[in-house]
Amino acid sequence: MSGTDDSGDTAKWVVDVFDKNCPSRHTHELVSGKWGSLALVALREGTYRFNALRRRVDGVSEKMLSQTLQGLERDGMVVREAQNTIPPHVEYSLTPLGRRVADRQFAIIELLEGEYDEIVAARERYDAK
């Protein structure tokens, strides 16, 4: 993968999330963390205003959701659109990249929910030791 650095020179990026210096590691942490993955999957359902999204992602604080959305916006997965209304409000939606990531996150959630009986049984076996 290549790109341009701040000086305009072509730069080479080595992308390997297992490397501690990999620039993709931050994005991986953001989208695979609890709030990032839940926000992405919620936005997969459609456009949300901030407070509606906060209600959908039950348990997230206003500060944490705000930070998560800023990170997702910075990494090109979420679009923040300020509506010029009275009172003003902000809406969040997925970019095409965000949609692709959210679809994969949703597949993981579906898998885990579908296999929950097996997970509970494994926990019970483990805890019985």
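None of the values given here were measured: they were computed from a predicted structure.

Participant: How do you make sense of the pairing of strand β4 (residues 78-83) when you look at a structure like this?
Facilitator: A regular strand places its side chains so that they alternate between the two faces of the sheet. Relative to strand β5 (residues 89-94), β4 is paired through six bridges, and the arrangement is antiparallel. Bridge pairing in β5 links V78 to L94. A loop of five residues connects β4 with β5, the two strands running antiparallel in sequence.

Participant: Got a minute to help me understand the nonpolar core in this structure?
Facilitator: Generally speaking, a soluble globular protein has its nonpolar side chains buried in company with each other. Judged by nonpolar contacts, the single largest core of 22 residues is most densely connected at L40, L43, L53, L69 and L72. For this core, the secondary-structure elements that each account for two or more residues are α1 (25-32), α2 (34-44), α3 (50-56), α4 (62-74), β5 and α5 (96-114). Per-element accounting of this core gives the leading share, five residues, to α2. Not counting the four nearest positions on each side in its chain, L40 is found in contact with V31, L72, M77, L94, G98, V101 and A102.

Participant: Mind showing me how you'd approach the sheet that holds β5 here?
Facilitator: Two pairing modes exist for strands in a sheet, parallel and antiparallel, and in both the strands are linked by backbone hydrogen bonds. Overall, antiparallel pairing links the three strands, which are arranged β3-β5-β4 in an open sheet. Each having just a single partner strand, β3 (48-49) and β4 make up the two edges of the open sheet.

Participant: How do you make sense of α4 when you look at a structure like this?
Facilitator: Counting along an α-helix, one turn takes 3.6 residues, and residues three or four places apart therefore face a common direction. An ideal rise of 1.5 Å per residue puts 18 Å on 13 residues; α4 measures up with 18 Å between its terminal C-alpha atoms. Of all the positions in α4, only L65, T68, L69, G71 and L72 are classed as buried. Burial along α4 is one-sided: seen end-on, the buried residues are contained in an arc of 160°. Turned more than 90 degrees away from the buried face of α4, the exposed residues are K63 and R74. Check the buried side of α4 and you find it contacts α1, α2, α3, β4 and β5. One or two steps after α4, the chain reaches G76, where phi turns positive at roughly 80°.

Participant: Explain the packing of aromatic side chains here, please?
Facilitator: We describe a pair of aromatic rings using the distance from one ring centre to the other and the angle between the two ring planes. Taken as a whole and judged by the stated rule, the model has one aromatic pair. Its guanidinium or amino end placed over the ring of F106, R44 lies 3.9 Å from that ring's centre, counting from NZ or CZ.

Participant: I keep staring at the packing of α2 against α5 and nothing clicks. Help me out?
Facilitator: A pair of packed helices is captured by two measures, namely the crossing angle of their axes and the spacing between those axes. At a minimum axis distance of 8 Å, the contact between α2 and α5 shows a crossing angle of 105°. Relative to α5, the element α2 is oriented roughly perpendicular. Seen from α2, the contacting residues are S37, L40, V41 and R44; seen from α5, they are G98, R99, V101, A102, D103, Q105, F106 and I109. Each residue belonging to the contact of α2 with α5 can be placed in one class, and the counts come to six nonpolar, three polar and three charged.

Participant: Help me understand the confidence of the model for the chain, please; the structure alone is not making it clear to me.
Facilitator: Low pLDDT means the predicted coordinates in that region are not meant to be read closely. Of all residues in the chain, 90% have pLDDT values of 70 or greater, and the mean over the chain is 91. Across residues 1-5, where pLDDT falls below 50, the model places 15 contacts with residues more than four positions away in sequence or in other chains.

What counts, and where the lines are drawn
- Residues numbered from 1 in each chain as written.
- Predicted model: local features only at pLDDT ≥ 70, side-chain atom pairs only at ≥ 80, totals over all residues.
- Heavy atoms only, no water.
- Pairing = 2+ DSSP bridges.
- Helix = DSSP H or I, 4+ residues; strand = E, 2+ residues; numbered from the N terminus.
- Core = buried A, V, L, I, M, F, W, Y, C linked by side-chain atoms within 4.5 Å.
- Buried < 20%, exposed > 50% of the residue type's maximum accessible area, 1.4 Å probe, protein only.
- Contact = heavy atoms within 4.5 Å.
- Expected span 1.5 Å × (residues − 1).
- Arc of directions from axis to C-beta.
- Phe/Tyr/Trp six-rings, centres within 6.5 Å; stacked < 30°, edge-to-face > 60°.
- Lys NZ or Arg CZ within 6 Å of the ring centre and 35° of its normal.
- Axes fitted to C-alpha atoms, helices over the stretch in contact; angles between N-to-C directions.
- Parallel < 35°, antiparallel > 145°, perpendicular 65-115°, else oblique.
- Nonpolar A, V, L, I, M, F, W, Y, C, P; charged D, E, K, R; others polar.
- pLDDT = per-residue confidence, 0-100.

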